[in-house]
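Observations on the model geometry
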Number of protein chains: 2
Amino acid sequence: MKRREELPECPVATTVMLVGSKWKLLIIRNLMVRPWRFNELQRSLGGISQKVLTESLRQLASDGLIYRKDFGTNPPHVAYGLTQLGLHCTHVLKEMADSGDYYKSVKPAS
Amino acid sequence: MKRREELPECPVATTVMLVGSKWKLLIIRNLMVRPWRFNELQRSLGGISQKVLTESLRQLASDGLIYRKDFGTNPPHVAYGLTQLGLHCTHVLKEMADSGDYYKSVKPAS
DNA sequence: CGGGATCCTATTAGATACTG
DNA sequence: CAGTATCTAATAGGATCCCG
């Protein structure tokens, strides 16, 4: 979690800091449904590299939006899911989906 | 406006395309209140360069989220405001502000 | 399976100077 | 006032190889 002094005053800017990268919102979108495994996420996100996925997951976890559950088995089994905090972000996702649909529903002139 | 073929299928990804950069959401946040002028925006956004502001405004306008009204006077007077489409995004902003506030309200452990 | 480490490219953002 | 134009710095993202 980030401490309060590291966060911008503006709450919008705060949320931008937490989820404002290309993939984080799409990861959360997936985790809304159920917990996912690493490779499962990578395949479903179509095009994300392993590095970026790792980094994104780590930041999201360190910011407290998702959890990482390691089953400690061999072969490894790790699952990622939303925390309470992450769940709260799904409201944002819902509105974004809404806006996206609305945008596409407006017939462009060209 | 972007044509439908240029947009991702996922509506969340669509919205990310439209407003998913560091400053665009903050610009829209300001324009929610009233139309703003260029320099006014720049000062209020604290730290944005003209170049980035110009680019962001142009993209937002070309994507149909904001309008640009040039009064054609000298000295120049240009105002930026939200279109119908941009207004729709304010729902997203509202939820983001909410999430940001919520995040900050959760007392971090450290 | 779930990554770590490295290297490289592309996209974004910032600084500075100038203009109609 | 509202930008252009250039150049550079920072960062995000991608490709590849490797390991327990």
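Preceding this section is the structure that the text describes.
The structure contained in this document is the topic of the report that follows. (Residues numbered from 1 in each chain as written. Chains lettered and ligands numbered in written order. Predicted model: local features only at pLDDT ≥ 70, side-chain atom pairs only at ≥ 80, totals over all residues. Heavy atoms only, no water.)

1. Regarding the overall build of chain A
Helix and strand counts for chain A come out as 5 helices and 3 strands. Mapped from its N terminus to its C terminus, chain A presents α and β elements in the order α-α-β-α-α-β-β-α. C-alpha extents for chain A along the principal axes are approximately 55 × 35 × 25 Å. With 110 residues in all, chain A has 48% of them scored as buried. As displayed, chain A has an accessible area near 5,900 Å², and 53% of this comes from carbon and sulfur atoms. In chain A, 16 positive and 10 negative side-chain charges are present, and the distance between their average locations comes to 8 Å. (Helix = DSSP H or I, 4+ residues; strand = E, 2+ residues; numbered from the N terminus. Buried < 20%, exposed > 50% of the residue type's maximum accessible area, 1.4 Å probe, protein only. Areas by Shrake-Rupley, 256 points an atom, 1.4 Å probe, with all protein chains shown as cover. Lys, Arg positive; Asp, Glu negative; His and termini not counted. Charge placed at Lys NZ, Arg CZ, Asp CG, Glu CD.)

2. Some points on the protein's contact with DNA strand D
Taken together, 20 residues sit near DNA strand D, with Lys-22 and Lys-51 of chain A together with Arg-58, Arg-68 and Tyr-80 of chain B positioned nearest. In the interface set of DNA strand D, defined as its atoms within 4 Å of the protein, sugar plus phosphate atoms amount to 63%. Lys-51 of chain A places a polar side-chain atom, nitrogen or oxygen, 2.5 Å from a base oxygen of DNA strand D. Between DNA strand D and Asn-39 of chain B, the relevant distance is 3.4 Å, taken from a phosphate oxygen to a main-chain nitrogen or oxygen of the residue. If you list the elements that add at least two residues to the surface near DNA strand D, you get helix H4 (50–62) of chain A together with helix H3 (38–45), helix H4 (50–62) and strand S3 (78–82) of chain B. In terms of residue count, the dominant contributor to the surface near DNA strand D is H4 of chain B (4 residues). (Near = heavy atom within 4 Å. Polar contact = N/O pair within 3.5 Å; in protein donor to acceptor, adjacent residues only side chain to side chain.)

3. Some words on the packing of aromatic side chains
Residue and element names in this part refer to chain A. Summed over all chains, the structure comprises 0 aromatic pairs over all chains. A cation over an aromatic ring shows up here: Arg-34 above the ring of Trp-36, its NZ or CZ 4.1 Å from the ring centre. Taking the ring centre of Phe-71 as reference, the NZ or CZ of Lys-69 above it sits at 4.9 Å. (Phe/Tyr/Trp six-rings, centres within 6.5 Å; stacked < 30°, edge-to-face > 60°. Lys NZ or Arg CZ within 6 Å of the ring centre and 35° of its normal.)

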